[in-house]
Amino acid sequence: MDSLRSSSSFFDREKHVVFLQMMNQLLPSDYQGQEINRLTLAYFAISGLHILGALDEVDKEEVSSWVLSLQAHPRNEAELNNGQFFGFHGSRSSQFPRDDKGVLIHNGSHLASTYCALAILKIVGYNFSCINSKSILTSMRNLQQPDGSFMPTHVGAETDLRFVFCAAAICSMLENWSGMDKEKAKEYILNCQSYDGGFGLIPGSESHGGGTYCAVASLQLMGFIEHDILSKSSSSSIINVPLLLDWSLQRQAADGGFQGRANKASDTCYAFWVGGVLRILGGYKLIDKKALHGFLLTCQSQYGGFSKFPGQLPDLYHSYYGFSAFSMLEEPGLIPICVELGIADIAAIGH
Amino acid sequence: MEWKEEGEERPLSQRPEWSDVTPVPQDDGPNPVVPIAYKDDFTETMDYFRAVYFADERSLRSLHVTAEAIHMNAGNYTVTLSNLDFDFAENLFLENEAIGRIASRVEAVVWHFRRLILEALNADLHEELNFIKKVANGNPKNYQIWHHRRWVAEKLGSDATSKELDFTKKILSLDAKNYHAWSHRQWVLQELGGWEDELDYCKQLLEDDIFNNSAWNQRYFVITKSPFLGGLEAMRESEVNYTVGAIIAKPENESPWRYLRGLYKDDAQSWVNDPQVSSVCLTVLSAKRNTVFALSTLLDLLCHGFQPSQDFINAVDALKTPDLDQSDSNLATAVCSVLGHMDPMRVNYWAWRKNKLPAQTA
């Protein structure tokens, strides 16, 4: 028997919980290259346990303290307005204490880390009125570019739809849209819609499952498109919905899995990215759930977790999106997710 | 500026040029969530990196330590999990591209500091392009590397144009769908130029693999944005001819069908009225093989007011299976029924489409 292939024909919830607990305990040194993304990894582990109905395993106080310790705080009003972003760091390695004169030289706050931090705090039920959200929202505007896109840090980096999504999700979770210019962001998103109906990560680029998720989820969060638009009789929308729907459904390949782009191989995570788009549009019922279920099980590892492709070894990212996909398939024992925020429904609406 | 000196394998703590530096350890604080099991050399390199970063020392040795940190952080190497009480037979590895999609990669700070040093030293940026090329070879899907490359190219300006086009071409020759390479290439064309041969390049890639959706996307990018071509409308006729040829060759290929529709972006009426569009559908339907996209295109045409001739009705009739309603005179509903059979993965969608058909569709 091929040792890499899963021996089960069912979603093995118990094994997945053990897998995540192992990740939570100690990540193997191979993940050391992801040092600055420690918050992201924590999000996968904690949100994963939540979706699997195993959040009791997590010490919520401990997690909250750790997450909050990664927040960058401006010392005063002047510092808040000096152009930096005051959010959350990905990890301790980008975080330095202030120097002798109390100046914060090295602020490695990152938009994606901030999204993950807030998501985790939502999941563990932290009281959001205790969060210093003003500095996050005020300084976040410094990251938005003239074309509406977002940089992830103020030190300069690539801009694309991923960070527009992070910004929208942050504002949504903080219930305060002063952190971004929604109109500008909308314009940028619309510029990313490709000739085939999907969205690329930047204007002009190939339509892509992840980019399409970021686009549609952002528009939904910002209130520019209605939820379940397909069942509404009004036919007008700022995006070409029929083309988007057709493109998204075509992403389900012959093996039942979802691909990220036309003529590419199916990959576990697109069951969430593209499945999520369909769920937001109200078209999830149109997919072949049985075929997807079958494909995903071929990516389930006998060690717990999910891999990108069938028969490979699992990793934390594909495991998390595999669990999310099974939640969308209404797997018994899993809790429902709020697709556009990437956390459980119950976390999104508050405990 | 060699990133790793020949034979220089000694730990930093044992190298004389670093003897005056006190390494700065990472302070994880109590109870870190998802603690990572570090290897000793990684820990040491990052401790020295933190030292010069914190001191803002923009020197040659700082440049070297950023190179070492990059080498370690950008690794896609595997390690055994023997230190864990688990019965693994193989190695566990992380999908770097996937992680990169959610958050910036670990070297964000390292690369940023490297840029500050390069500026302070007024470094030879052509050399830097070589450094990037070496690092990119092992990590073609690393966001930081591509961003750094763009920063260097931006500083070099049009001096870098041909190098950048060559570099992306090289990466694409190994993986013709590398998303980063395509984004970078598009940026180069728009900012630095070099459009002259781009349409040819797309043609070449499509000859290699007509299913390469990235190449189709690039083709669209070129015909709409190249200052040497006339823009979408001017290019439409020749592009329709090209695309029809691609469809006939491989009717099961989604890309050219989407591209054909894209050629009429924002002008659905012209798309409906172009006889070549409906005619390629008819050709494929009549051949009775790989008809799914031809059928769905016909359905879309009908929904946009296309008036089908008897030929279309006959062609769709010929595809009906015995269990379908043979007397169904409504072509659009017939097409939906046939699609439900030909494309079972999307049976729910075709049923939904049938349900949504306006009463007066042909």
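Residues numbered from 1 in each chain as written. Chains lettered and ligands numbered in written order. Predicted model: local features only at pLDDT ≥ 70, side-chain atom pairs only at ≥ 80, totals over all residues. Heavy atoms only, no water.

(A) Seen up close, the overall build of chain A. Counting its regular elements, chain A contains 14 helices and two strands. The burial tally for chain A puts 67% of its 351 residues in the buried class. Across chain A, every contact between residues at least 6 apart in sequence was considered, and the portion connecting residues at least 24 apart equals 67%. Carbon and sulfur atoms provide 50% of the accessible area of chain A, an area that totals close to 11100 Å². (Helix = DSSP H or I, 4+ residues; strand = E, 2+ residues; numbered from the N terminus. Buried < 20%, exposed > 50% of the residue type's maximum accessible area, 1.4 Å probe, protein only. Contact = heavy atoms within 4.5 Å. Areas by Shrake-Rupley, 256 points an atom, 1.4 Å probe, with all protein chains shown as cover.)

(B) Spotlight on the overall build of chain B. A count of helical and extended segments in chain B gives 18 helices and zero strands. The buried share among the 362 residues of chain B stands at 56%. Of the roughly 15900 Å² of accessible surface on chain B, 48% is carried by carbon and sulfur atoms.

(C) Fine view of unusual backbone geometry. Residues and elements named next belong to chain A. Here the phi dihedral of Glu-175 falls at roughly 55°; this positive angle occurs in a residue that is not glycine. Relative to the helices and strands, Glu-175 resides in the loop between α7 (161-174) and α8 (182-191). The backbone phi angle of Asn-263 is positive, close to 65°, even though this residue is not glycine. Residue position: Asn-263 is located in the loop between α10 (241-250) and α11 (270-281). Given the relative accessible area of 26%, Asn-263 is considered partly exposed.

(D) Highlighting the nonpolar core. Residues and elements named next belong to chain A. Ranked by size, the top nonpolar core spans 219 residues in total, and within it Tyr-43, Leu-111 and Leu-161 carry the most contacts. Top element by residues in this core is α7. It accounts for 12 residues. Not counting the four nearest positions on each side in its chain, Leu-161 is found in contact with Tyr-188, Ile-189, Cys-192, Phe-199, Gly-200, Leu-201, Gly-211, Cys-214 and Ala-215. (Core = buried A, V, L, I, M, F, W, Y, C linked by side-chain atoms within 4.5 Å.)

(E) Expanded view of the packing of aromatic side chains. All names here are of chain A. Counted under the stated rule, the structure contains 36 aromatic pairs over all chains. Ring plane angle 45° and centroid distance 5.6 Å describe the contact between Tyr-43 and Phe-44, whose orientation is recorded as tilted. Both residues of the pair, Tyr-43 and Phe-44, belong to the buried class. With a centroid separation of 5.7 Å and 65° between ring planes, the pair formed by Tyr-43 and Tyr-115 is classed as edge-to-face. (Phe/Tyr/Trp six-rings, centres within 6.5 Å; stacked < 30°, edge-to-face > 60°.)

(F) A look at the packing of helix α14 (residues 275-287) of chain B against helix α16 (residues 310-317) of chain B. Residues and elements named next belong to chain B. Relative orientation of the contacting elements α14 and α16 amounts to 35°, with a least axis distance of 9 Å. Between α14 and α16 the crossing geometry is left-handed. When α14 is examined against α16, the residues Ser-278, Leu-282, Leu-285 and Ser-286 are found in contact with a partner set consisting of Asp-311, Phe-312, Ala-315 and Val-316. Considered class by class, the residues forming the contact of α14 with α16 number five nonpolar, two polar and one charged. (Axes fitted to C-alpha atoms, helices over the stretch in contact; angles between N-to-C directions. Left-handed = near helix turned anticlockwise from the far one by under 90°. Nonpolar A, V, L, I, M, F, W, Y, C, P; charged D, E, K, R; others polar.)

(G) Structural detail: the side chain of Ser-324 of chain A. Positionally, Ser-324 of chain A belongs in helix α13 (residues 316-328). Sequence-distant contacts of Ser-324 of chain A, that is, excluding residues within four places in its chain, are made with Ile-51, Phe-272 and Ile-337 of chain A.

(H) Focus on the environment of Glu-187 of chain A. Residue and element names in this part refer to chain A. Residue position: Glu-187 is located in helix α8. A relative accessible area of 41% means that Glu-187 is categorised as partly exposed. For the pair Glu-187 and Asp-147, spaced 40 residues apart in sequence, the C-alpha to C-alpha distance is 7.7 Å.

(I) Structural detail: helix α1 (residues 13-25) of chain A. Residues and elements named next belong to chain A. Between its first and last C-alpha, α1 extends 18 Å over 13 residues, near the 18 Å set by a 1.5 Å rise per residue. Of all the positions in α1, only His-16, Val-17, Phe-19, Leu-20, Met-22, Met-23 and Asn-24 are classed as buried. In the core, the buried residues of α1 are packed alongside α2 (38-51) and α13. (Expected span 1.5 Å × (residues − 1).)

(J) Broad picture of the environment of Arg-114 of chain B. All names here are of chain B. Mapped onto the secondary structure, Arg-114 falls in helix α4 (residues 108-121). Taking the C-alpha atoms as reference points, Arg-114 and His-148, 34 residues apart in sequence, are found 9.4 Å from one another. Not counting residues within four places of it along the chain, the set of residues in contact with Arg-114 comprises Leu-63, Thr-66, Ala-67, Ile-70, Glu-128, Phe-131 and His-148.

(K) Quick peek at the confidence of the model for chain B. Residue and element names in this part refer to chain B. Looking at chain B as a whole, the pLDDT averages 83, with 82% of positions reaching at least 70. Low pLDDT, under 50, characterises residues 1-7; the stretch is placed with 14 contacts to residues that sit more than four places away or in other chains. Counted against residues more than four places away or in other chains, residues 75-106, with its pLDDT under 50, gives 103 contacts. The ipTM value of the predicted complex is 0.92, and its pTM value is 0.87. (pLDDT = per-residue confidence, 0-100.)

(L) Representation of the confidence of the model for chain A within the structure. In the predicted model, chain A carries a mean pLDDT of 89, and the fraction of residues at 70 or more is 89%. Segment residues 1-5 of chain A is flagged for pLDDT under 50; beyond a separation of four residues in sequence, or across chains, it makes eight contacts in the model.

(M) Focus on the pattern of salt bridges. Across all of its chains, the model carries 28 salt bridges over all chains by this definition. Across the salt bridge formed by Glu-119 of chain B and Lys-155 of chain B, the nearest N and O atoms sit 2.9 Å from each other. Taken together, the residues span a long stretch of sequence, with Glu-119 of chain B in helix α4 and Lys-155 of chain B in helix α6 (residues 143-156) at a distance of 36 residues. Accessibility expressed as a relative area gives 43% for Glu-119 of chain B, which makes it partly exposed. On the accessibility criterion, Lys-155 of chain B (46% relative accessible area) is partly exposed. Bridged by salt links that share partners, the residues Asp-246 and Arg-251 of chain A together with Glu-254, Arg-258, Arg-261, Asp-300 and Arg-353 of chain B form one connected network. (Salt bridge = Lys/Arg side-chain N within 4 Å of Asp/Glu carboxyl O.)

(N) Representation of the packing of helix α17 (residues 331-342) of chain B against helix α18 (residues 347-356) of chain B. All names here are of chain B. Viewed as axis vectors pointing N to C, α17 and α18 meet at an angle of 170°, and their least axial separation amounts to 8 Å. For the element pair α17 / α18, the angle class is roughly antiparallel. Here Thr-333, Cys-336, Ser-337, Leu-339 and Gly-340 of α17 lie close against α18, whose contacting residues are Val-347, Trp-350, Arg-353 and Lys-354. When grouped by side-chain class, the residues that make up the contact of α17 with α18 number four nonpolar, three polar and two charged. (Parallel < 35°, antiparallel > 145°, perpendicular 65-115°, else oblique.)

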